[in-house]
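# What the coordinates show
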Amino acid sequence: MQNRELIFEYPTVYLIYDKLGSGRSSNDPKFKVYVGETNDISRRTRQHLKDTGKSRMDWKALNESHNSQMIVIGDYYFNKFLTLDIENKLMMYLLSAESVTQLNNRRSNPQRKYFMSDQFENVLEGVWQTLRKKKRPEIFPEKSEIEKFCGVQSIAFPFFKR
């Protein structure tokens, strides 16, 4: 299966991030991130860009930035329920990443049981590790860093397996 088919024919999860500047040092970048999921990435992207009017200032800022980048994640295991859960968990992870100072998404939508729900943890681990290795490790830190930052792993992050 080709990547193009995974992106345009299957449900996907997407992230758009923009570097906001640096913290105390240039080695401490800060980011604004949007996490979403869709069954049609082309249509959804056009919709976001069209909605950059008065009601969506977050999208207007991402659209006008010269530094914003989009990551689209697809896999032949993805179904609508799985992508909703991945979107949810990525938002939780990113809320605990020190480099993410603004997370834009207006909802939380955890799912119950569904086809492939027993494989969710493995799929999520693969997604997170791929983002860490191939994209920006400062946005996608090691899980141990997220756990350390959040402090109360068992309450705030029940999806961490030990």
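Turning our attention to the layout of surface pockets. In this structure, the largest pocket occupies an estimated 350 Å³ of space. Considering the residues around the largest pocket, the lining is formed by 17 residues, among which Val72, Ile73, Gly74, Val127 and Thr130 are closest to the centre. When residues of the lining of the largest pocket are traced back to their parent elements, those giving at least two are helix 1 (3-9), strand 3 (69-73) and helix 5 (120-134). Among the residues forming the lining of the largest pocket, the class breakdown is nine nonpolar, five polar and three charged.

The next subject is the nonpolar core. Among the nonpolar cores identified, the biggest contains 27 residues, and Leu15, Val33, Ile73, Ile86, Leu90 and Leu94 are the most heavily contacted of them. Those elements that provide at least two residues to this core are strand 1 (12-22), strand 2 (29-38), strand 3, helix 4 (80-95) and helix 5. Residue contacts for leucine 15: discarding those within four places in its chain leaves Val33, Tyr34, Val35, Gln69, Met70, Ile71, Ile73, Leu90, Leu94, Leu131 and Phe140. Judged by nonpolar contacts, the second largest core, of seven residues, contains Tyr14, Ile16, Tyr34 and Leu62.

Tracing the backbone shows lysine 148 in helix 6 (residues 143-150). With 52 residues separating them in the primary sequence, lysine 148 and serine 96 have C-alpha atoms 9.1 Å apart.

With that settled, the discussion passes to the confidence of the model for the protein. Summarising the model, the protein shows a mean pLDDT of 80, and 82% of its residues fall at 70 or more. Low pLDDT, under 50, characterises residues 152-162; the stretch is placed with 21 contacts to residues that sit more than four places away or in other chains.

Thresholds, definitions, all that
Residues numbered from 1 in each chain as written. Predicted model: local features only at pLDDT ≥ 70, side-chain atom pairs only at ≥ 80, totals over all residues. Heavy atoms only, no water. 1 Å grid on protein atoms, 1.4 Å probe; cavity = no way out; pocket = protein on both sides within 12 Å on 5 of 7 lines; lining within 4 Å. Points joined across faces, edges and corners; volume = space filled by probe spheres on them. Helix = DSSP H or I, 4+ residues; strand = E, 2+ residues; numbered from the N terminus. Nonpolar A, V, L, I, M, F, W, Y, C, P; charged D, E, K, R; others polar. Core = buried A, V, L, I, M, F, W, Y, C linked by side-chain atoms within 4.5 Å. Buried < 20%, exposed > 50% of the residue type's maximum accessible area, 1.4 Å probe, protein only. Contact = heavy atoms within 4.5 Å. pLDDT = per-residue confidence, 0-100.

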